[in-house]
Amino acid sequence: MNQDLPLVSVIMNAHNAELYINEAIISVLNQTYKNWELIVWDNQSEDKTSQIVNNFNDDRIRYYLSENFSPLGEARNLAILKSKGSLIAFLDSDDIWLPDKLEEQVPLFNPKNVGIVISDSIFFNAKGKSYQIYKDKKPPTGFIFKQLFPNYFISLETAVVRKIALDSQDHLFDERFNMIEEYDLFVRISMDWELDYADKVLAKWRVHEGSWTWSKEKEFPREKRLMLEKYISTIPNFELDYSDEIAIFKRGFSLDETLIEWKEGNKSSARKILKPHILDGPKWFVLYLLTFFPISIYEIIQKVRGSVRPE
């Protein structure tokens, strides 16, 4: 191992992860870049997670069992406190890295103002359906706060972060958040640090029913409102300086609320939420018209466009 290479601390949060964690850990062991440590933070699993992790005989893997079950933001922070690396990477226990991920991304930190490096990724489900997230449109790079805040585009399993960029924040993951904890953190980092991008598929994000993304989706708009309130109260002149971005951000969680109401059969409520945005462009007008029909029509359109959902 070349000790001159920066140590990468891989943060893996797990809760009842026996179905997938073995594959996730193997994908770290298979990295061509070898100077890493893997911190597995077990958030009070009640299955065979600990047994599976402890079956691996590698000193770079360190397992911690949380004393109490904690919100995901807090659990991520507790895991980071155990890290020793100058770079922090994230791989949840149901996701996968390709072997050259770290080798491709670590060199992109050579400019000292780069705080986050991401890559392309594949979203996939149990039936083999998949979607490449940046295939048709590459993400912006550099100082990208104005793009990232209203239209978040980072997938956590791709992200590697400079540790001093994390340390520059007055708090790490916001412990009030379970759904958007990384959204909030990376947006805050992007105010002062640049983002770079490795234009290659280097990770895979597993789409399944057990993921909180699907099972607790009602939390998204509530947490986004809290995030906006925090920025308005803590960032000087935020409402004045970023009024356009705030408008787009608000429209985004209006869409979240529309879809929630629509799924529950409350089509009139869905239209009421969406109505202020129908003149924002053809997409929003068409979406408003679609709410007169069952949401299955919308879901079919999303599938045709390549969206991958649990199946």
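Residues numbered from 1 in each chain as written. Predicted model: local features only at pLDDT ≥ 70, side-chain atom pairs only at ≥ 80, totals over all residues. Heavy atoms only, no water.

J.: Whenever I open this one, the pairing of strand 3 (residues 61–65) confuses me. Can you help?
T.: Strand residues, when the strand is regular, have side chains that alternate between the two faces of the sheet. Across five bridges, strand 2 (residues 36–42) lies against strand 3 in parallel orientation. Bridge pairing in strand 3 links V40 to Y63. Between strand 2 and its parallel partner strand 3, the chain crosses via helix 2 (residues 49–54), and the hand of that crossover is right-handed. (Pairing = 2+ DSSP bridges. Helix = DSSP H or I, 4+ residues; strand = E, 2+ residues; numbered from the N terminus. Right-handed = clockwise from strand over helix to strand, strands pointing away.)

J.: Hey, could you run me through the layout of surface pockets in this one?
T.: Rolling a probe over the atoms, with the probe sized like a water molecule, indicates the empty space that remains. Volume-wise, the second largest pocket comes out at about 210 Å³. What lines the second largest pocket is S168, Q169, D170, H171, R188, M191, D192, K230, Y231, T234 and I235. Residue contributions to the lining of the second largest pocket peak at three residues, all from helix 9 (residues 219–234). Split into classes, the residues belonging to the lining of the second largest pocket amount to three nonpolar, four polar and four charged. (1 Å grid on protein atoms, 1.4 Å probe; cavity = no way out; pocket = protein on both sides within 12 Å on 5 of 7 lines; lining within 4 Å. Points joined across faces, edges and corners; volume = space filled by probe spheres on them. Nonpolar A, V, L, I, M, F, W, Y, C, P; charged D, E, K, R; others polar.)

J.: Would you take a moment to explain a nonpolar patch on the surface for this structure?
T.: A contiguous nonpolar patch, built from F285, V286, L289, F292, F293, I297, I300, I301 and V304 and spanning about 830 Å² of accessible area, is present on the exposed surface. When contributions to the nonpolar patch are tallied by element, the ones reaching two or more residues are helix 13 (282–290) and helix 14 (295–304). Looking at which element gives the most residues to the nonpolar patch, the answer is helix 14, with four residues. On the secondary structure map, L289 appears in helix 13. (Patch = residues over 30% accessible without salt bridge, like charges linked within 9 Å, V, L, I, M, F, W, Y side chains within 5 Å. Areas by Shrake-Rupley, 256 points an atom, 1.4 Å probe, with all protein chains shown as cover. Salt bridge = Lys/Arg side-chain N within 4 Å of Asp/Glu carboxyl O.)

J.: Could you clarify how one ought to interpret the pattern of salt bridges in this entry?
T.: A side chain with one charge can pair with a side chain of the opposite charge if their charged atoms come near. Under the criterion given, the structure shown has 19 salt bridges. In this structure, the salt-bridge partner of R176 is D174, at a minimum N-O distance of 2.9 Å. On the basis of relative accessibility, which here comes to 41%, the residue R176 falls in the partly exposed class. A salt bridge links E219 to R222, with the nearest nitrogen and oxygen atoms 2.8 Å apart. (Buried < 20%, exposed > 50% of the residue type's maximum accessible area, 1.4 Å probe, protein only.)

J.: What's the story with the packing of aromatic side chains in this structure? I'm lost.
T.: Note on aromatic pairs: each is described by the distance of the centres and the angle between the planes. Considering all chains together, one arrives at 18 aromatic pairs under this definition. Centre to centre, the rings of F145 and Y242 are 4.9 Å apart; their planes meet at 65°, and the pair counts as edge-to-face. Of the two residues, F145 sits in helix 5 (residues 145–148) while Y242 sits in the loop between helix 10 (238–241) and helix 11 (243–263), which places them 97 residues apart along the sequence. Per residue, the accessibility class of F145 equals that of Y242, and both read buried. Seen in terms of ring centroids, Y288 and F292 are 6.0 Å apart; in terms of plane orientation they differ by 85°. Their pairing is edge-to-face. Connected via pairs of aromatic rings, a cluster forms that spans F145, F149, Y152, Y183, Y231, F238, Y242, F249 and F253. Stacked on the ring of F292, the Lys or Arg R271 has its end atom at 4.0 Å from the ring centre. (Phe/Tyr/Trp six-rings, centres within 6.5 Å; stacked < 30°, edge-to-face > 60°. Lys NZ or Arg CZ within 6 Å of the ring centre and 35° of its normal.)

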